[in-house]
Amino acid sequence: MKKFAFALTAAALTVGAANSYAGEVEVLHWWTSGGEAASINVLKGLMVEEGHTWKDFAVAGGAGESAMTVLKSRAISGNPPASAQIKGPTIQEWGSLGFLTNLDAVAAQGEWDVVLPQVVSDVMKYEGHYVAAPVNVHRVNWMWANPEVFRKSGAELPTSWDQFLVEAEKIKAAGYTPLAHGGQAWQDATLFEAIALEKGVNFYNKAFIAHSDQTLRSQDMIDVFNTFKQVRKYVDVGFSGRDWNVATSMVINGEAAMQIMGDWAKGEFTAANKKAGIDYVCLPAPGTSDSFTFNIDSLAMFKVEGKDNQAAQQDLARLILEPEFQETFNLNKGSIPARLNMPREKFDTCAHASMDSFLASSTTGNLTPSMAHGMSTSSMVQGAIYDVVTNFFNDDSMTAEQAVDKLARAVKASL
Ligand code: BGC
């Protein structure tokens, strides 16, 4: 059966590349903000140029929580889309359920094993076979700042969380919102993991990859929760339920000084015609300059019926790894190409910093998967951490000691 599937895939690939087949791909994703939509439209355009039909299946909602719910219901009813934006260990979860199709032929032709860093290619494989194609590498531990607001407040850009609290106080006194934030569990988790990362990658990995009970209950973790609660004071009252890109626009328009967010935020600055280093500044989240929390976006391919649609799906996978797509998509998205050795000229200083940090951190061991963005652990454990983190953020009566106890118990129960 496996052999047959492979032969069919290879045949479809060859014929598809010659454009004898025009098929349809339905693509489920959650890229609906300005920068995100501009990015996914690049792929749509390339597929249409190949003669295929693109059926857009966009499910709004940052970090894809809603998209994943919709995907599950489509899969349960036996009708998954050809392709879906799935990341990290979740790819393995879908692979083990038998939903994903084999991309080895297209990967061999495009030399994916050579052009991708291993930290990326490993995630794209299920039991050694490619089942997903990576579009980018996002760095999550970033801070986006409005230099004008800092200047007017007489504040410095913070390089530690302790300093963040000092500068935030000045910014608040000057009448600005220090931290643009949206009250959604995944945004709380993004902020939380950035605070945890200041304790070092070793601590971070023990907590969010190995799930050491001792680390989850440690004094360091208590400190992380305490800092998290203090940072909460510098978020405006209207934060609850706010989308991440609306928070980014608060930094863009000078209402807020900073946002802690992955570099998809840069896509919003770019879409608003703002220039890095002039209109806005990117710097590592406080205290995390030596580390890189990675978040790789990828499109996993589901088993589909029909030669035409299979050919279209293989073409989609091929196009994703081609340099043309990797460059244009990432210029819009704010991320860096997943593909190695891409020309750097068109990318801005933030992307250069991210490229350098990606390479440097992969040699020092400081390259680590983002928990908040589904790269470090199963969706079950991630959900358990989200719940504790977001409840703590929104509950004034919960102490940090109570939070670590809840965290350790919740993680243990979902392993
Ligand atoms: C995804 C990004 C996306 C962001 C906001 C992250 O989890 O990896 O591609 O832009 O969520 O939706």
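Since the model is a prediction, treat every value here as computed from it, not as a measurement. (Residues numbered from 1 in each chain as written. Predicted model: local features only at pLDDT ≥ 70, side-chain atom pairs only at ≥ 80, totals over all residues. Heavy atoms only, no water.)

Along the backbone of the chain there are 20 helices and 14 strands. Against the compact-globule benchmark of 22 Å for 415 residues, the chain has a radius of gyration of 21 Å, which places it among compact chains. Expressed along its principal axes, the backbone C-alpha trace of the chain runs to roughly 65 × 45 × 40 Å. Looking at the chain residue by residue over its 415 residues, the buried ones come to 56%. Contacts in the chain between residues far apart in sequence, at least 24 positions, make up 76% of those at least 6 positions apart. Charge-centre separation for the chain: the mean point of 33 positive side chains lies 2 Å from the mean point of 46 negative side chains. (Helix = DSSP H or I, 4+ residues; strand = E, 2+ residues; numbered from the N terminus. Rg over C-alpha atoms; globule rule 2.2 N^0.38 Å. Buried < 20%, exposed > 50% of the residue type's maximum accessible area, 1.4 Å probe, protein only. Contact = heavy atoms within 4.5 Å. Lys, Arg positive; Asp, Glu negative; His and termini not counted. Charge placed at Lys NZ, Arg CZ, Asp CG, Glu CD.)

Moving on, we come to the sheet that holds strand β12 (residues 292-295). In spatial order, the strands read β7-β12-β14; together these three strands make up an open sheet with mixed pairing. Only two strands of the sheet have a single partner each, and these edge strands are β7 (138-139) and β14 (367-369). (Pairing = 2+ DSSP bridges.)

Further remarks concern the domain arrangement of the chain. For the chain, the domain assignment lists domain 1 (22-138 + 295-351) and domain 2 (139-294 + 362-414). Across the contact, 26 residues belong to domain 1 and 29 residues belong to domain 2. Here domain 1 and domain 2 share an interface that buries about 2100 Å² over both sides, 59% of which is from carbon and sulfur atoms. Contact with domain 2 buries area across many residues of domain 1, yet His138, Asn295 and Cys350 alone supply 26% of it, more than any other trio. Our enumeration of links across domain 1 and domain 2 arrives at one salt bridge. Counting the contacts that link domain 1 with domain 2 gives seven residue pairs in polar contact (both at pLDDT 80 or more). For the side of domain 1 that touches domain 2, the secondary structure elements donating two or more residues are α2 (34-49), α4 (89-96), α7 (118-124), α17 (323-333) and α18 (349-364). Partitioned by chemical class, the residues of the side of domain 1 that touches domain 2 number nine nonpolar, eleven polar and six charged. (Domains from an automatic or database assignment. Buried area = accessible area lost by both parts, 1.4 Å probe. Salt bridge = Lys/Arg side-chain N within 4 Å of Asp/Glu carboxyl O. Polar contact = N/O pair within 3.5 Å; in protein donor to acceptor, adjacent residues only side chain to side chain. Nonpolar A, V, L, I, M, F, W, Y, C, P; charged D, E, K, R; others polar.)

Let us look at the nonpolar core. By size, the foremost hydrophobic cluster in this structure holds 75 residues, and its most contacted members are Trp144, Phe164, Leu191, Phe208, Met221, Phe225 and Met258. Ranked by residue count, the leading element in this core is helix α10 (residues 185-197), at nine residues. Once residues within four sequence positions are removed from consideration, phenylalanine 164 is found in contact with Pro158, Leu179, Val231, Tyr234, Met258 and Pro286. One finds Trp31, Val137, Phe347 and Met355 within the second-largest nonpolar core, a separate group that totals 62 residues. (Core = buried A, V, L, I, M, F, W, Y, C linked by side-chain atoms within 4.5 Å.)

Quick look at the site of the ligand now. Around the ligand, the structure places 14 residues, and the nearest of them are Glu36, Lys87, Asp297, Lys333 and His373. In the environment of the ligand, an oxygen atom lies 2.8 Å from a nitrogen or oxygen atom belonging to the side chain of asparagine 295. At 2.8 Å, a side-chain N or O of histidine 373 approaches an oxygen atom of the ligand. By residue class, the composition of the shell around the ligand is five nonpolar, five polar and four charged. Shared between two domains, the shell around the ligand takes at least three residues from each, and those domains are domain 1 (22-138 + 295-351) and domain 2 (139-294 + 362-414). (Near = heavy atom within 4 Å.)

Turning our eyes to something else, we now look at the packing of aromatic side chains. Tallied over the full model, the rule gives 20 aromatic pairs. With 4.1 Å between their ring centres and 20° between their planes, phenylalanine 269 and tyrosine 280 make a pair best called stacked. Of the two residues, phenylalanine 269 sits in helix α15 (residues 264-271) while tyrosine 280 sits in the loop between α15 and β11 (281-284), which places them eleven residues apart along the sequence. The exposure class of phenylalanine 269 is buried, given its relative accessible area of 1%. Overall, tyrosine 280 belongs to the buried group, its relative accessible area being 0%. Among the aromatic residues, those joined into a ring-pair cluster are Phe192, Tyr204, Phe208, Phe225, Phe228, Phe239, Phe392 and Phe393. Cation over ring: arginine 139 sits above tryptophan 142, and NZ or CZ is 4.9 Å from the ring centre. The ring of phenylalanine 393 carries arginine 232 above its face, with NZ or CZ at 5.4 Å from the centroid. (Phe/Tyr/Trp six-rings, centres within 6.5 Å; stacked < 30°, edge-to-face > 60°. Lys NZ or Arg CZ within 6 Å of the ring centre and 35° of its normal.)

Given a rise of 1.5 Å per residue, twelve residues ought to cover 16 Å, and the 17 Å separating the end C-alpha atoms of helix α3 (residues 65-76) matches this to within 8%. Here α3 has its buried residues at Ala67, Met68, Leu71, Arg74 and Ala75. What you see down the axis of α3 is that its buried residues fit within an arc of 125°, all on one side. Opposite its buried face, α3 presents the exposed residues Thr69 and Ile76, each directed more than 90 degrees away. Buried positions along α3 lie against β1 (24-29), β2 (53-58), β3 (83-85) and α4. (Expected span 1.5 Å × (residues − 1). Arc of directions from axis to C-beta.)

Regarding helix α11 (residues 201-208), the residues found buried are Val201, Phe203, Tyr204, Ala207 and Phe208. Taken end-on, α11 shows its buried residues confined to a sector of 160°, consistent with a single buried face. The inward-facing, buried residues of α11 abut α10, α12 (213-216), α13 (219-232), β12, β14 and α19 (379-394).

With that settled, the discussion passes to unusual backbone geometry. For residues besides glycine, phi is generally negative; the peptide bonds are generally trans as well. In the Ramachandran plot, glutamate 127 falls in the positive-phi region, its phi being about 50° despite a non-glycine side chain. Residue glutamate 127 is classed as exposed on the basis of its relative accessible area of 58%.

Strand order in the open sheet made by the five strands is β2-β1-β3-β13-β6, with mixed pairing throughout. Edge positions in the sheet fall to β2 and β6 (132-134), since each has one partner strand and no second. Sheet twist, expressed as the mean angle between neighbouring strand axes with direction ignored, is 20°. Most of the contacts of α2 go to β2, to which it runs at about 155°, and overall it touches β1, β2 and β13 (298-301). (Axes fitted to C-alpha atoms, helices over the stretch in contact; angles between N-to-C directions.)

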